[in-house]
Amino acid sequence: MKVVEWQEYTELLQKLLRDVMLRNYDGIVAIGRGGTIIGAYLASKMGIPSIYPVFIRHVGRGKEMKIVAHDLGQVRSLSGRLLVVDDWLCDGRAMRYVLNLIPKTATYTTLVMFNRKGSEFKPDIVGAYVSEEEREILFPYDPV
């Protein structure tokens, strides 16, 4: 398990901000609690007025894993240029799930703080990569 300390976390937040600062977005779609923390930070720093959190859970493991989502109404009606944010991407199932909810009239850029090397999904913007064997990350705000 990778353990992320506050210093590494804040340095990656600043790197991600530099990576997206010159782009224009109409809103941020934030996946889960971790994505919402990152999304709120970026929205505040970039002056983006709207953030749309999508709370999902992974239920089960491996090929049997399913995604359970809550309150998806907003995401299904979005338009414009969107930044879709998550804290970490292991294989991309959650990201693909959320992207499939976004109307085809919207355009999006995907951003993750951590991406597992070898993941099937390739985000547009990555803060840092973790080894292909990594399956869990403990963020500074997670319970121990």
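This structure is a prediction, so every number in the text was calculated from the model and none was measured.

So, about the pairing of strand β5 (residues 81-89). Burial within β5 is extensive, with eight of its nine residues counted as buried. As defined by bridge partners, strand β2 (residues 27-31) adjoins β5 across four bridges and the pair is classed as parallel. Bridging across to β5, G27 finds its partner in L82. When β5 meets strand β6 (residues 107-116), the two strands line up parallel, connected through eight bridges. Across the sheet, D86 pairs through a bridge with V112, a residue of β6. The β-α-β motif built from β5, the intervening helix α3 (residues 93-101) and the parallel element β6 has right-handed crossover chirality.

Moving on, we come to the pairing of β2. The buried fraction of β2 is high, at five of five residues. Taking every second residue as pointing to the same face, both faces of β2 are buried, with G27, V29 and I31 on one and I28 and A30 on the other.

Ranked by size, the top nonpolar core spans 26 residues in total, and within it L42, L111, M113 and F114 carry the most contacts. Residue assignment for this core shows that the elements contributing at least two residues are α1 (6-20), α2 (32-46), β5, β6 and β7 (125-130). Considering each element in turn, this core owes the most residues, six residues, to α1. If sequence neighbours within four positions are ignored, L42 has contacts with L16, L17, V20, I28, L83, V85 and L111.

The rules we used
- Each chain has its residues counted from 1, running along the sequence as written.
- With the structure being a predicted model, the display of local features is reserved for residues of pLDDT at least 70 and the display and counting of side-chain atom pairs for 80 or more, all residues being used for whole-chain, interface and lining totals.
- Values shown for side chains rest on all heavy atoms present in the structure; no hydrogens or waters enter the calculation.
- Categorising residues by exposure relies on relative accessible area from a 1.4 Å probe, with only protein chains included: less than 20% of the type maximum marks a residue as buried, more than 50% marks it as exposed, and the intermediate range marks it as partly exposed.
- Labels follow the DSSP assignment, with helices taken as runs of H or I lasting at least four residues and strands as runs of E lasting at least two, numbered in each case from the N terminus.
- Should DSSP find at least two bridges between two strands, the strands are regarded as paired.
- With its strands directed away from the observer, a crossover is right-handed exactly when the path from the first strand over the helix to the second travels clockwise.
- The term nonpolar core refers to a set of buried residues drawn from Ala, Val, Leu, Ile, Met, Phe, Trp, Tyr and Cys, joined through side-chain atoms within 4.5 Å.
- Working rule for contacts: check all heavy atoms of both residues, and any pair within 4.5 Å makes them a contact.

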